[in-house]
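# Report on the structure
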Amino acid sequence: MYTSEFAYKKANSVAEALSLLQQHPDAKLLAGGHSLIPTMKLRLAAPSALIDISKVAELRGVRKENDTLVIGAMTTYHELETSNLLKAHCPLLPQAVYLIGDPMVRAKGTIGGSLAHADPAADLPASMLALGAKIKAQGPNGTRVIEADDFFTGMFSTALQEGEILTEIHIPILEGAKMAYAKFPHPASRYAVVGVAVVVDGGNVRAAVTGAGEHAMRLGKLEQALSGQPLTTANIAAACQGLLSPGNLNHDLAASREYRAHLVDVMAKRALMQAAGL
Amino acid sequence: MADKVHIKVVVNGVERHSEVEPRLLLVHYLRETLGLTGTHVGCDTSQCGACTVHVDGQAVKSCTMFAVQADGSSVTTIEGLGSPGSLHPVQEGFWEMHGLQCGFCTPGMIMATVDLLNKNPNPSEAEIRHALEGNYCRCTGYHNIVRAVQYAADKMAGKVGVAADD
């Protein structure tokens, strides 16, 4: 399949990409391309230009700055999966990334591309919410930091504004925290029908779900029920019941609203059991 | 027509210079511009993995990448792996273990397998199945494909003995 015609511009820096975005207001940023290119092949998107930011060096890699992990937006899933810094300080991400797509998808897909695209069934948004990540964006008017809780605003919609580029993800290091991601994959696409990420830091529980609704969201009921409680099998089982009401959930051929609500409980329980080592 | 872009790509060790339309997919560049038809177009929707090639040592789906994105890169296709008289151990594994029926998915399966064994020379059966999740075979099921990968892993590790058919 061929996409519509477009002009190809390769950016070598964030500044150059911002300037290209100003010159080509109808352009799309090209990262790993594994959502954008299929969409263009189906002619659901026909940008006049693509600005390739995937090779911008300042947008790549994982580094540690004091008590924060800084992940460049163009860091690929494969790089996240194999990052020793993440394995040591944020094992949730390598574990969740291992469940994304397949190895070829993980070779190309990027964390920034996934978050900016905000597919309601993407895996990483749930982890961002559970980890309390901050998302950094650079635009013509400067740089700003957006809390993960404020970032996802709707289906394929985020707090990013026109002309802005998502540049970095900042993740607080929670030494000793227990964390895990459990996912029920769509049997063909491997997207999350439902995926739940949990982070238990001392008595503080943060949990979030993807695939269930219009965008990834915190599981407040679960957080309240378990915070301050010991992570026992009985406490986990008692907390993971009726976490979301089916009424507002997604429904499709893969899962009805009621089944999705059931899967949220089951995936939350599995993630917590795994995090607790039970 | 959008302006053509000059690209330089090393394909199977040979440096190629081409003027390409930005929308030309890497798989079409390989098949139609360079005549390397061993890389197949299967689903054309990033699912089936028949178009798998290596770009800078990483397996990717060449139907979901533009040729311009490979500018400056090194690409390996199935043609660059072995030759009829001197098969790559993974090609030999698919031959010996009958890891195919019609053969359409096989180039992609082999390229994905080489990528797996580069990263994990001694994978478990579960790891093999997980690593081949992006490659669909619609003929045989995956049993002999897994055996082919195990054969190749053993061969590449220098083990002479190979698990017998059961």
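As the structure is a computational prediction, the values presented were derived from the model and not from experiment.

All names here are of chain B. Per the domain assignment, the segments making up chain B are domain 1 (5–80) and domain 2 (89–156). Relative placement of domain 1 and domain 2: their C-alpha centres are 21 Å apart. Summed over both partners, the interface of domain 1 with domain 2 buries about 1,200 Å², with 59% contributed by carbon and sulfur atoms. Among the residues of domain 1 in contact with domain 2, His-40, His-54 and Ile-78 are the three that bury the most area, contributing 38% of the side total. Between the two partners, domain 1 and domain 2, sit 0 salt bridges. Of all the elements in the fold, those that place two or more residues in the side of domain 1 that touches domain 2 are β3 (52–55) and β4 (58–61). The element that contributes the greatest number of residues to the side of domain 1 that touches domain 2 is β4, accounting for 3 residues.

All names here are of chain A. Structurally, Asp-119 is set in the loop between α7 (111–117) and α8 (124–131). Summary of buried charges: Asp-119 has no salt-bridge partner, and the nearest side chain of opposite charge, Arg-260, is 9.2 Å away. Sequence-distant contacts of Asp-119, that is, excluding residues within four places in its chain, are made with Ser-114, Phe-156 and Tyr-191.

Residue and element names in this part refer to chain A. Enumeration over the complete set of coordinates arrives at 1 cavity of 30 Å³ or more. Here the largest cavity is characterised by a volume of approximately 30 Å³. The wall of the largest cavity is formed by Ala-118, Asp-119, Pro-120, Pro-125, Phe-152, Thr-210, His-215 and Ala-216. In terms of residue class, the lining of the largest cavity is made up of 5 nonpolar, 2 polar and 1 charged.

It is worth spelling out helix α3 (residues 106–119) of chain B at this point. All names here are of chain B. Its 14 residues place the ends of α3 20 Å apart at the C-alpha level, agreeing with the 20 Å of an ideal helix rising 1.5 Å per residue. With 12 of its 14 residues buried, α3 lies for the most part within the structure. Listed in full, the buried residues belonging to α3 are Thr-106, Pro-107, Gly-108, Met-109, Ile-110, Met-111, Ala-112, Thr-113, Val-114, Asp-115, Leu-116 and Leu-117.

About the cut-offs
Residues numbered from 1 in each chain as written. Chains lettered and ligands numbered in written order. Predicted model: local features only at pLDDT ≥ 70, side-chain atom pairs only at ≥ 80, totals over all residues. Heavy atoms only, no water. Domains from an automatic or database assignment. Buried area = accessible area lost by both parts, 1.4 Å probe. Salt bridge = Lys/Arg side-chain N within 4 Å of Asp/Glu carboxyl O. Helix = DSSP H or I, 4+ residues; strand = E, 2+ residues; numbered from the N terminus. Buried < 20%, exposed > 50% of the residue type's maximum accessible area, 1.4 Å probe, protein only. Lys, Arg positive; Asp, Glu negative; His and termini not counted. Contact = heavy atoms within 4.5 Å. 1 Å grid on protein atoms, 1.4 Å probe; cavity = no way out; pocket = protein on both sides within 12 Å on 5 of 7 lines; lining within 4 Å. Points joined across faces, edges and corners; volume = space filled by probe spheres on them. Nonpolar A, V, L, I, M, F, W, Y, C, P; charged D, E, K, R; others polar. Expected span 1.5 Å × (residues − 1).

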